[in-house]
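# Secondary and tertiary structure notes
So the chains spell out like this:
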Amino acid sequence: MITKQKGTYDIYGDLAKKRAYINDVLAALCEKYNYGYIETPVFEASELYHRGVGDATDMVQKETYDFVDRGERNITLRPEGTAGVVRWFIENKLYGNMSDPVKVYYNMKMYRYERPQSGRNREFTQWGFECFGSDDVLADAEAISLAYNAYRLLGLDNITIKLNTLGDFESRTNYREALVNYFKPHISELCPDCQERINKNPLRILDCKVDDKSELHKNAPKTLDYLNEESRTRFERLQELLDLMDINYEIDTKLVRGLDYYDHTVFEVVLNDSYALGGGGRYNGLVETLDGPSIPAVGFAMGYDRTILAMEENDISIPINDSIDLYLLYVSDSEKETASYLLQDLRLNGFIAETDLMCKSLKSQFKSVDRYNAKYLIVLNDEDLKNSQVTIKDNKTKEEEKISINDIVDYLDMHL
Ligand code: AMP
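Not measured: the values here are computed from a predicted model.

### Thoughts on the overall build of the chain
Secondary structure assignment for the chain yields 15 helices and 16 strands. Against the 2.2 N^0.38 benchmark of 22 Å for 416 residues, the chain shows a C-alpha radius of gyration of 28 Å, more extended than a compact globule. With the principal axes as the frame, the chain shows a C-alpha extent of 95 × 55 × 45 Å. Considering only residue pairs separated by 6 or more positions, the chain has 69% of its internal contacts joining residues 24 or more positions apart. Accessible surface, the chain: about 21100 Å² in total, of which carbon and sulfur atoms supply 48%. In the chain, which carries 50 positive and 72 negative side-chain charges, the distance between the mean positions of the two groups comes to 5 Å.

### Some thoughts on the sheet that holds strand β14 (residues 374-380)
Strand order across the open sheet formed by five strands is β13-β12-β14-β15-β16, with mixed pairing between neighbours. Looking at the sheet topology across the chains shown, the edges are occupied by β13 (353-355) and β16 (400-404). In this sheet, neighbouring strand axes are inclined to one another by 25° on average, regardless of whether the strands run parallel or antiparallel. Both strand β12 (residues 324-330) and β14 contribute to a ladder of six bridges, which runs parallel. When the bridges of β14 are listed, leucine 326 appears paired with tyrosine 376. Each of β12, β13 and β14 touches helix α12 (residues 336-348); the most contacted strand, β13, lies at about 165° to it. Packing against the sheet, helix α13 (residues 362-371) makes contact with β12 and β14, and its axis sits at approximately 180° to β12.

### Section: the pattern of salt bridges
Summed over the entire model, instances satisfying the criterion amount to 27 salt bridges. Between arginine 152 and aspartate 157 there is a salt bridge, with the nearest N and O atoms lying 3.5 Å from each other. The exposure class of arginine 152 is partly exposed, given its relative accessible area of 37%. By relative accessible area, aspartate 157 is classed as partly exposed at 48%. Across the pair lysine 386 and glutamate 383 runs a salt bridge whose closest N-O atoms are separated by 3.9 Å.

### Details of the nonpolar core
The biggest cluster of nonpolar side chains holds 45 residues, and the ones touching the most others in it are Trp127, Phe129 and Phe300. Taken together, the elements giving at least two residues each to this core come down to α1 (13-32), β6 (123-132), α5 (137-153), β7 (159-165), α9 (229-244), β9 (263-271), β11 (297-303) and α11 (304-313). Considering each element in turn, this core owes the most residues, 10 residues, to α5. By size, the runner-up hydrophobic cluster in this structure holds 44 residues, among which are Ile90, Leu166, Ala297 and Ala301.

### Thoughts on α12
With 13 residues, α12 should cover 18 Å at 1.5 Å per step; its first-to-last C-alpha distance of 18 Å lies within 8% of that length. For α12, the full list of buried residues reads Thr338, Ala339, Leu342, Leu343 and Leu346. Along α12, the residues classed as buried sweep out an arc of 125° about the axis, all on the same side. In α12, the exposed residues that point more than 90 degrees away from the buried face are Glu337, Tyr341, Gln344 and Leu348.

### A word on the site of the ligand
Neighbouring the ligand are 16 residues; Arg112, Glu114, Asn121, Arg257 and Leu277 lie closest to it. Note that a nitrogen atom of the ligand is positioned 2.8 Å from one of the backbone N or O atoms of asparagine 121. One of the side-chain nitrogen or oxygen atoms of glutamine 126 is found 2.9 Å away from an oxygen atom of the ligand. Contact with the protein chains removes 91% of the 480 Å² of surface that the ligand exposes when unbound. Of all elements in the fold, only β6, β10 (276-282), β11 and α11 reach the threshold of two or more residues within the shell around the ligand. Residue composition of the shell around the ligand, by class: five nonpolar, five polar and six charged.

### A word on the environment of lysine 17
Along the chain, lysine 17 turns up in helix α1. For lysine 17, a relative accessible area of 38% translates into the label partly exposed. With 302 residues separating them in the primary sequence, lysine 17 and proline 319 have C-alpha atoms 8.8 Å apart.

### Considerations on the pairing of β14
Within a regular beta strand, the side chains point alternately toward one face of the sheet and then the other, so they alternate between its two faces. Among the seven residues in β14, six count as buried, and that is most of the element. Of the strand pairs in this sheet, β14 and strand β15 (residues 389-394) are connected by four bridges, and their pairing is antiparallel. Within β15, the position partnered with valine 379 by the bridge is threonine 391.

### What to know about α1
Given 3.6 residues per turn, any residue in an α-helix points the same way as the ones three and four places further on. The terminal C-alpha atoms of α1 lie 29 Å apart, and with 20 residues this matches the ideal 28 Å at 1.5 Å per residue to within 8%. Three or more residues of α1 are buried, namely Lys18, Arg19, Ile22, Val25, Leu26, Ala27, Leu29 and Cys30. Summarising the contacts, the buried residues of α1 are in contact with β5 (102-111), β6, α5, β11 and α11. Phi turns positive, to about 65°, at asparagine 34, one or two residues after α1.

### A word on the packing of aromatic side chains
Evaluation of the coordinates by the stated rule reveals 14 aromatic pairs. Ring plane angle 75° and centroid distance 5.4 Å describe the contact between tyrosine 35 and phenylalanine 129, whose orientation is recorded as edge-to-face. Here tyrosine 35 is found in the loop between α1 and β1 (36-37), whereas its partner phenylalanine 129 is found in strand β6, with 94 residues between them in sequence. Measuring from centroid to centroid gives 4.2 Å for phenylalanine 89 and phenylalanine 132, while their planes differ by 10°, and the two rings are stacked.

The rules behind the values
Sequence positions are assigned chain by chain, starting from 1 and proceeding in written order. With pLDDT at 70 or above as the cut-off, local features in this predicted model cover only qualifying residues; side-chain atom pairs require 80 or more to be listed or tallied, and sums for whole chains, interfaces and linings still use all residues. As a rule here, side-chain values cover all heavy atoms of the structure and leave hydrogens and water aside. In this text, helices come from DSSP runs of H or I with a minimum length of four residues, and strands from runs of E with a minimum of two, each type numbered from the N-terminal end. Each radius of gyration is computed over the set of C-alpha atoms, and the globule rule expresses the reference value as 2.2 Å times the number of residues to the power 0.38. Any two residues whose heavy atoms approach within 4.5 Å at even a single point are treated as in contact. Methods summary: accessible areas were calculated by the Shrake-Rupley approach with a probe of 1.4 Å, and residue burial reflects only the protein chains presented. Positive charges come from Lys and Arg alone, negative charges from Asp and Glu alone, with His and the N- and C-terminal ends not counted. Taken as the charge location is NZ of Lys, CZ of Arg, CG of Asp or CD of Glu. Between any two strands, at least two bridges found by DSSP are needed for them to pair. Note on definitions: angles span 0 to 180 degrees between N-to-C directions of axes, and those axes are lines fitted to C-alpha atoms, for helices only across the stretch in contact. We define a salt bridge as a contact between a side-chain nitrogen of Lys or Arg and a carboxyl oxygen of Asp or Glu at a distance within 4 Å. Remark: exposure states derive from per-residue accessible area (1.4 Å probe, protein chains only) relative to the maximum for the residue type, with buried under 20%, exposed over 50%, and partly exposed in between. Throughout, nonpolar core names a set of buried Ala, Val, Leu, Ile, Met, Phe, Trp, Tyr and Cys residues whose side chains join them through atoms within 4.5 Å. Each helix should span, by expectation, one fewer than its residue count multiplied by 1.5 Å. This arc is built from the directions going out from the helix axis to the C-beta atoms. We call a residue near a molecule or strand when any one of its heavy atoms sits within 4 Å of it. Any pair of nitrogen or oxygen atoms within 3.5 Å is treated as a polar contact; in protein, a donor-acceptor pairing is required on top of that, and neighbouring residues in sequence qualify only through side-chain atoms on both sides. Only Asp, Glu, Lys and Arg are considered charged in this grouping, and only Ala, Val, Leu, Ile, Met, Phe, Trp, Tyr, Cys and Pro are considered nonpolar; every other residue, Gly among them, is considered polar. When two rings of Phe, Tyr or Trp (its six-membered ring) have centres within 6.5 Å they constitute a pair, described as stacked for plane angles under 30 degrees, edge-to-face for angles over 60, and tilted for the intermediate range.

In C-alpha cells, the structure reads:
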C-alpha cells in the first residue's frame, strides 16, 4: 500500500470545512483592509530563497525541498510566502507608480523539511499578507491590527502581540556588534549552531531553541538599548497607535524572528502566553536585495495547523453545516427521470438536495434521509406524479403536505 509522506496529510470532511470557514473569514477581513488576493507558483528558482530568506537561515540550510529539474535548473519548493511575492512585485515593476501602496494577501501551501510534530508539518498552509510602498509607522500598525483582528474574528480572544524593534540599519549594526562582543568570550557555551551564527547573523542566537533559558541568553544585550533617536521615536509612535487601536501587546526584547530580512518592527501573535501562531514585521531591504529598487514593506504570516489546534483547544466551534435541505426518495426506477430534473431545478435555486445514487430499497433510502440529516423529504411516486403532485414532509415535525410539483422551490423558500 502506498501511504502519505511523513509530515503531510489529506484534507477532507470536517477539516476541509473548518479550513474553508477560516478561508472565508480571513478573505472577508482582508477585503476590509483593501488587500487583493495573490497566489505565486509552488516552485521558484532556488536563488530566490537563498538570497531572499537568507543563505545562513535554518530554513534555507536545513529545511528547503531542493531539486534539479529536467532542464538542469535549481528549483526550490516554496518554504514561505514573502520572497515569491517580492519576486512578483519586482518582475511586474509594480514599484513604477507608488502613489498608493500595493497590498496583497495569500493563502498558500508551504514546504519545509522539518521534524513533524503537533502543529508542525512538512506541507502546511500559511495565510499571510504583504504591503509594499509605505515606510510610515501607520502601515506597521495596520499590519499588526490585521493579524490581531484575524485571530479575534476566529474567536481567539486570548492572544497577545509580542512586539520588538530591530531599529534601522545603524541601530541594527550597533546591536549586532554588541551581541558579538557579548557572546564571543562565551562561544564554547553556545550550541554548535549558535557558534556558527555568531559570525553569520548573531541576532539569531536569540532565536536559539536549545539555549534560550540560559543565564547567558537572559542577560544578553537588549535591542532597545541600541536604538538611535529616530528608531526609538518610531517605536514609541507605533506603541501609541497600537494603544489607540486597543491592541493587546507586550514588548519582548528577545524577539528577532528567524529570517534575515527584517528591520524595525518585528512581531508575533502568541496564544495564552505560550506558542506563536504567526509572525511578521517590516522588511525595508528585501526588495533591493532581490534586485528591485529600495521599497519599504511590511508583512505577516500564520499557519493554519496551529490556528485550528488553538481553536480546538479553546473549544471554539466552527459553524459546520451538517444537514441538507431536501432528500428525494423514489419508489421505483420510473421516478428517476423526475428526480433528475427536480434535483437540477432545486440545486440551481440554491438548495442542498440529494437523492439515492446506489439503487437502494425505499427502506434504505429512508435511512439515508436521517444520515444526511435532511430537513425535508419527498417520496416520488407515479400515482402522485400523474397529477403533477408530490408529498413533502418536514423531517423534524413529521408534518406533511401535498403540493404541486411546480411549487417545491417556493415551498422550500418559504419554510427554510
Ligand atoms: P514563519 O514563516 O516560520 O515565520 O512561520 C509563521 C507561522 O507559520 C508560524 O507561527 C506557524 O503558525 C506556521 N508554520 C511555520 N512552520 C510550520 C510548519 N512546519 N508546519 C505548520 N505550520 C508552520
